[in-house]
Amino acid sequence: MPSFPGPVDSRLPRVGTTIFTVMSRLAAECGAINLSQGFPDFSAPPLLYELVSRHMHAGHNQYAPMAGTVQLREAIAGKVESLCGARYDPEHEITVTAGATQALFTAVTCLVRPGDEVIVFEPVYDCYVPAIELCGATAVRATLRHPGYRPDWAEVRRLVTRRTRLIMVNTPHNPSGAVWSEEDLRALAAIVRGTSIAVVADEVYEHIVFDGLRHESCARHPDLRERSLIVSSFGKTYHVTGWKVGYVLAPRELSAEFRKVHQFVVFTVNTPVQLALAEYLAEPSRYLELSAFYQRKRDLFRQGLAASRLQLLPCQGTYFQLASYQAISDEPDLALAERLTRTAGVASIPVSAFYGEPRQDRVLRFCFAKGDDTLARACERLARL
Ligand SMILES: Cc1ncc(COP(=O)(O)O)c(C=O)c1O
């Protein structure tokens, strides 16, 4: 086996395998029910697969335009306008990406320089900080305080310096399931007003919001819209996380910078899937019904755990449920997540994995994007703890 002659000077020395891969692998090894990684264990409606197949067989298998097919960009523009009242020009302001992860990485890379600061909210989704650090910038962490995980806007204001280049937000929020209000967006807008700070808004769970709440997109807010790159993902909306197709909305000047980098990262995203998604998007009920679909699953899961010793935290959106295990154990969350996978047969994600510095609130994250039977079996096992 050949090996590299000499030390490898890592650009990301503190990064190992992500916790999602680690827990999914352990779940597979132990034959445990996998409520760790965030993906559904059920299929999308067959029509979506048929559409992809139809476009492949019709010969649409070569490079799509760099920014995405016209059909998909127009369909996205129509959806965003009907939901948020904001018109994005498909020609200049919408770019189709290889999932949200690529969109987030490209958005950071196109704007952030060495020495810049980027404010993120902790617990923070795992791909933000590495993207910032690869640019030679510093991630500055604002707190979403357990157990409510609400932003503290006074703290955010204090964290802004003349080096702040970007603020990265995520609503509905992974892992907490918290959903920002209109007031939150107003507070954010007030902080960035009069500065050249841009906003990257990760809104991949935009269609999964519960109890009559509304997803407050940065696209709805005129002051934020003009400085935001808004990221979404069809993987979350249509139960096809493995397809890795998403998009970015941004004003023309920011989109132009985004595309300069995008074209050298992926150049373009797979054609038949884009064409299929464009047709599938034409029926709004397919995304409008998603909140009710997942709210039922959330309620099923919560009811199933009501008699357990896990204490369930509020869940306003996403398909993640946080649970405090203070009444069960004082183990660190990683140790408990591993032990539960091996002995109780249910895999989860330790929430400390979403923090830079080790922190123990004794909370686990469970993904309820699973079949009803799977959720029922998992609840049965967790209720025995
Ligand atoms: C908050 C958040 N952002 C981004 C992503 C990545 O989305 P994609 O699979 O489209 O890259 C995820 C996936 O779990 C997520 O939870």
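Residues numbered from 1 in each chain as written. Predicted model: local features only at pLDDT ≥ 70, side-chain atom pairs only at ≥ 80, totals over all residues. Heavy atoms only, no water.

Asks: Residues and numbers for the overall build of the chain, please.
Replies: Helix and strand content of the chain: 15 helices and 14 strands. Whereas a compact globule of 385 residues would reach a radius of gyration of roughly 21 Å, the chain reaches 21 Å, a difference of no more than 12%. Principal axes of the C-alpha set define a box for the chain whose edges measure 60 × 55 × 50 Å. Considering only intrachain contacts with a sequence separation of at least 6, the fraction spanning at least 24 residues in the chain is 75%. Taken as a whole, the chain presents about 16700 Å² of accessible surface, with 52% of it coming from carbon and sulfur. For the chain, the distance from the average site of its 42 positive side-chain charges to the average site of its 41 negative ones is 2 Å. (Helix = DSSP H or I, 4+ residues; strand = E, 2+ residues; numbered from the N terminus. Rg over C-alpha atoms; globule rule 2.2 N^0.38 Å. Contact = heavy atoms within 4.5 Å. Areas by Shrake-Rupley, 256 points an atom, 1.4 Å probe, with all protein chains shown as cover. Lys, Arg positive; Asp, Glu negative; His and termini not counted. Charge placed at Lys NZ, Arg CZ, Asp CG, Glu CD.)

Asks: Talk me through the sheet that holds strand β5 (residues 150-151); I want residue IDs and the actual numbers.
Replies: As a general point, the strands of a sheet are linked pairwise by backbone hydrogen bonds and lie either parallel or antiparallel. The strand order across the open sheet formed by eight strands is β2-β9-β8-β7-β6-β3-β4-β5, and the pairing between neighbours is mixed. In this open sheet, the two strands that pair with only one neighbour each are β2 (94-97) and β5. Running at roughly 115 degrees to β2, helix α3 (residues 70-84) makes contact with β2 and β9 (246-249) of the sheet. Sheet contacts for helix α4 (residues 99-111): β2, β6 (164-170), β7 (198-202), β8 (228-233) and β9; angle to β8, the most-contacted strand, approximately 165 degrees. (Pairing = 2+ DSSP bridges. Axes fitted to C-alpha atoms, helices over the stretch in contact; angles between N-to-C directions.)

Asks: Can you lay out the side chain of T271 for me, pointing to particular residues and giving the numbers?
Replies: Note on placement: T271 falls in helix α11 (residues 271-280). With a relative accessible area of 11%, T271 lands in the buried category. Once you skip the residues sitting within four places of it in the chain, T271 turns out to touch H60, Q62, Y63 and A64. (Buried < 20%, exposed > 50% of the residue type's maximum accessible area, 1.4 Å probe, protein only.)

Asks: Provide a residue-level description of empty space enclosed by the protein, including the pertinent values.
Replies: On inspection of all chains with the given rule, the structure shows three cavities of 30 Å³ or more. The calculated volume of the largest cavity comes to roughly 60 Å³. Every residue along the wall of the largest cavity is listed here: F121, P123, V124, Y125, Y128, L144, M168, V169, N170, H173, N174 and W180. At three residues, β6 tops the list of elements feeding residues into the lining of the largest cavity. For the lining of the largest cavity, the class distribution of residues is nine nonpolar, three polar and no charged. Space inside the second largest cavity adds up to approximately 40 Å³. In terms of lining, the second largest cavity is formed by K79, E206, H207, S232, S233, F234, T237, Y238, Y247, L281 and Y287. Looking at the lining of the second largest cavity residue by residue, the classes come out as five nonpolar, four polar and two charged. (1 Å grid on protein atoms, 1.4 Å probe; cavity = no way out; pocket = protein on both sides within 12 Å on 5 of 7 lines; lining within 4 Å. Points joined across faces, edges and corners; volume = space filled by probe spheres on them. Nonpolar A, V, L, I, M, F, W, Y, C, P; charged D, E, K, R; others polar.)

Asks: Which residues make up the environment of E182, and what are the values?
Replies: The topology assignment puts E182 in helix α7 (residues 182-192). Considered as a pair, E182 and P65 are 117 residues apart in the sequence and their alpha carbons are 36 Å apart. Residues contacting E182, with those up to four places away along its chain left out, are R214 and E216.

Asks: Describe in detail the packing of helix α13 (residues 290-305) against helix α15 (residues 372-383), supporting the description with residues and values.
Replies: At their nearest, the axes of α13 and α15 sit 8 Å apart, and the two run at 25 degrees to each other. Comparing their axes, α15 and α13 come out roughly parallel. Crossing hand, α13 versus α15: right-handed. On α15, the residues touching R296, K297, L300, F301, G304 and L305 of α13 are D372, L375, C379 and L382. Among the residues forming the contact of α13 with α15, the class breakdown is six nonpolar, one polar and three charged. (Parallel < 35°, antiparallel > 145°, perpendicular 65-115°, else oblique. Left-handed = near helix turned anticlockwise from the far one by under 90°.)

Asks: Got a sec to walk through the packing of aromatic side chains? Specific residues and values, please.
Replies: Applying the stated criterion across every chain, the model contains 21 aromatic pairs. Residues F234 and Y238 carry aromatic rings whose centres are separated by 6.2 Å and whose planes lie at 10 degrees to one another, so their mutual orientation is stacked. The same class applies to F234 and to Y238, which are both buried. Aromatic ring contacts, followed pair by pair, group F42, Y205, F293, Y294, Y319 and F320 into a single cluster. A cation over an aromatic ring shows up here: R286 above the ring of Y280, its NZ or CZ 4.3 Å from the ring centre. Against the face of F39 rests K370, its NZ or CZ located 4.1 Å from the ring centre. (Phe/Tyr/Trp six-rings, centres within 6.5 Å; stacked < 30°, edge-to-face > 60°. Lys NZ or Arg CZ within 6 Å of the ring centre and 35° of its normal.)

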